[in-house]
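This is what each chain is made of:
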Amino acid sequence: MRVSQFICSVGVLAVTVSSSPARWFNPQWLEGRSSDAATPVNARANPQLRIMVAGASIASGYASSDGNGFRLGLEDALVAAGNNVEMLGTVRNGTMRDNAYEAKPGLHILEVMGRVDAAIPQISPRPNIVLVQVGANDLAKGTSVDTMQQRISTLVDHVCTAIPDVNVILSSLLPSGKTESGGVAYNAKLREVVDAQNKQGRHVYFADVHSSFSMEDILGGGDLTHPTDAGYAKMARVYADVALGIVKARFAPPPAPSTSSAAPETTSTSVPEPEPTKSSTSSETPSTTSTPVSDTTTETTSSSQPQRQVASATSVSATMSTSTQELSSTTVANLAASTSSPASTPSSSAPAKSSANTLFGQCSVLITAIGMLAWTIPLFAI
């Protein structure tokens, strides 16, 4: 008799599934259901800063203990602020991984301009920030500050012509034990260059590494020109502040992460199911849990208790027919109700599943669920 009940239960499930195959195996319906629990991705990479440091010995990191000078501190500060940074140039030096730049000890302004002119065509994509730290060697050679002003302005012209939308940072000279008065005068001329360039619609910025610095930040002894490691670190902070100001003014900030969990709307082309016929022995209250199915099964089983006593093949067949009709209508109603409820709000006992990668995987889940139910129903019928 239990074998007959098992066969009856399997038959009921088969009829239930086959009553609306178009919906159970409709790819669009499956995709719509599985996408409810998916989290939309709405993110974009932070601004990509391509920085070329140009100049002479200080830009090279001369006399720093790691050979990085201010470049590593500058890069670290920009990365910590959420930017993607790439250091560019044809020269490499220092312990930092991204250690490219365009500088060489002993160069004058015109020589730096020549190196930058030669390097830019070799770099792709081109820099969007060029930081220039140069002038101490010109002063040491006795070049007038007016001539230095003209030369640095020409350097900016060359850079902005080669890269029309570039951002140029002109660095002041550091305090010096050898050419301090000339450095102060040149720094004032640099400000004039910045103002004149910006009036032409260019993007040129002044970085002051003189006002807040002292000779304590400069190497003593016979040097009196190059920074200490602490001095290089202070320079990095000044340059980073200017660069971050450029990012804020000229680079679109990344959008805030989306907090929306709504799934994309999906349109199903499946044929709507006819409303199931109400059963006199089934409950009309829809639910996404397994309780209504259990109650209905219990009631159906209870109503068929007298039929279980009949051993003839005809009685077994009649029992199978009656149970099939009752459970078929009830199961269809419950499944229709469960599929109409939002899947994006899972209960604590049924966590939301992630969408399957393929239609085959989704159909496999359905077949597995049917198999499990086929084994469960006879337990309530026994």
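For clarity, every value in this text was computed on a predicted model and none was experimentally measured. (Residues numbered from 1 in each chain as written. Predicted model: local features only at pLDDT ≥ 70, side-chain atom pairs only at ≥ 80, totals over all residues. Heavy atoms only, no water.)

### So, helix α10 (residues 229–250)
Phase 1 of the analysis: In this model, α10 (22 residues) spans 31 Å end to end at C-alpha, consistent with the 32 Å of a helix rising 1.5 Å per residue.
Phase 2 of the analysis: Every buried residue belonging to α10 is among Gly 231, Tyr 232, Met 235, Ala 236, Val 238, Tyr 239, Ala 240, Val 242, Ala 243, Ile 246 and Val 247, and all of these are buried.
Phase 3 of the analysis: Buried residues in α10 make contact with β1 (48–55), α4 (57–60), α5 (71–80), β5 (129–133), β6 (167–171) and β7 (203–207). (Helix = DSSP H or I, 4+ residues; strand = E, 2+ residues; numbered from the N terminus. Expected span 1.5 Å × (residues − 1). Buried < 20%, exposed > 50% of the residue type's maximum accessible area, 1.4 Å probe, protein only. Contact = heavy atoms within 4.5 Å.)

### Topic: the side chain of Asn 99
Phase 1 of the analysis: Along the polypeptide, Asn 99 turns up in the loop between β3 (91–92) and β4 (100–103).
Phase 2 of the analysis: Judged by its relative accessible area of 10%, Asn 99 is buried.
Phase 3 of the analysis: Contact partners of Asn 99, with chain neighbours within four places excluded, come to Arg 71, Val 91, Arg 92, Asn 93 and Gly 94.

### Notes on the pattern of salt bridges
Phase 1 of the analysis: All chains considered together, the criterion is met by seven salt bridges.
Phase 2 of the analysis: Glu 102 is the partner of Arg 115 in a salt bridge, and the nearest nitrogen-oxygen pair spans 3.3 Å. In this pair, Arg 115 is assigned in helix α6 (residues 109–119) and Glu 102 in strand β4, connecting sequence segments 13 residues apart.
Phase 3 of the analysis: The exposure class of Arg 115 is partly exposed, given its relative accessible area of 27%.
Phase 4 of the analysis: Taking relative accessible area as the criterion, Glu 102 reaches 2% and is therefore assigned buried.
Phase 5 of the analysis: A salt bridge links Arg 202 to Asp 157; its shortest N-O distance comes to 2.5 Å. In this pair, Arg 202 sits in the loop between α9 (180–199) and β7 while Asp 157 sits in helix α8 (residues 145–162), placing the two residues 45 residues apart along the sequence.
Phase 6 of the analysis: On the basis of relative accessible area, Asp 157 is assigned to the partly exposed category, the value being 25%. (Salt bridge = Lys/Arg side-chain N within 4 Å of Asp/Glu carboxyl O.)

### As for the side chain of Arg 50
Phase 1 of the analysis: Mapped onto the fold, Arg 50 is located in strand β1.
Phase 2 of the analysis: A distance of 2.7 Å separates the side chain of Arg 50 from the backbone oxygen of Arg 126, its partner in a polar contact.
Phase 3 of the analysis: Discounting residues that sit within four places of it in the chain, Arg 50 has contacts with Glu 86, Leu 88, Pro 125, Arg 126, Pro 127, Asn 128 and Ile 129. (Polar contact = N/O pair within 3.5 Å; in protein donor to acceptor, adjacent residues only side chain to side chain.)

### Comments concerning the nonpolar core
Phase 1 of the analysis: Ranked by internal contacts, the top residues of the largest apolar core, which has 34 residues, are Ile 152, Leu 155, Val 168, Leu 170 and Tyr 186.
Phase 2 of the analysis: For this core, the secondary structure elements donating two or more residues are β1, α6, β5, α8, β6, α9 and β7.
Phase 3 of the analysis: The leading source of residues in this core is α8, at seven residues.
Phase 4 of the analysis: Residues within four places of Ile 152 in sequence aside, it is in contact with Ile 109, Val 132, Val 134, Leu 170, Tyr 186, Leu 190 and Val 193.
Phase 5 of the analysis: If you look at the next biggest cluster of nonpolar residues, it comprises 33 residues, including Leu 78, Ala 207, Phe 213 and Ile 246. (Core = buried A, V, L, I, M, F, W, Y, C linked by side-chain atoms within 4.5 Å.)

### Re unusual backbone geometry
Phase 1 of the analysis: The omega angle of the peptide bond from Ser 124 to Pro 125 is -5 degrees, so this bond is cis rather than trans.
Phase 2 of the analysis: By the element assignment, Pro 125 lies in the loop between α6 and β5.
Phase 3 of the analysis: Not every positive phi belongs to a glycine, and Ala 63 is a case in point at roughly 75 degrees.
Phase 4 of the analysis: With respect to the secondary-structure elements, Ala 63 resides in the loop between α4 and α5.

### A few points about the packing of aromatic side chains
Phase 1 of the analysis: This structure, assessed with the given rule, holds one aromatic pair.
Phase 2 of the analysis: Ring geometry for Phe 70 against Tyr 239: centres 4.8 Å apart, planes inclined by 70 degrees, an arrangement best described as edge-to-face. Here the residue Phe 70 occupies a position in the loop between α4 and α5, and Tyr 239 occupies one in helix α10, the gap between them amounting to 169 residues. Grouping residues by exposure puts Phe 70 and Tyr 239 together as buried. (Phe/Tyr/Trp six-rings, centres within 6.5 Å; stacked < 30°, edge-to-face > 60°.)

These values are about where atoms sit, not about what they do.
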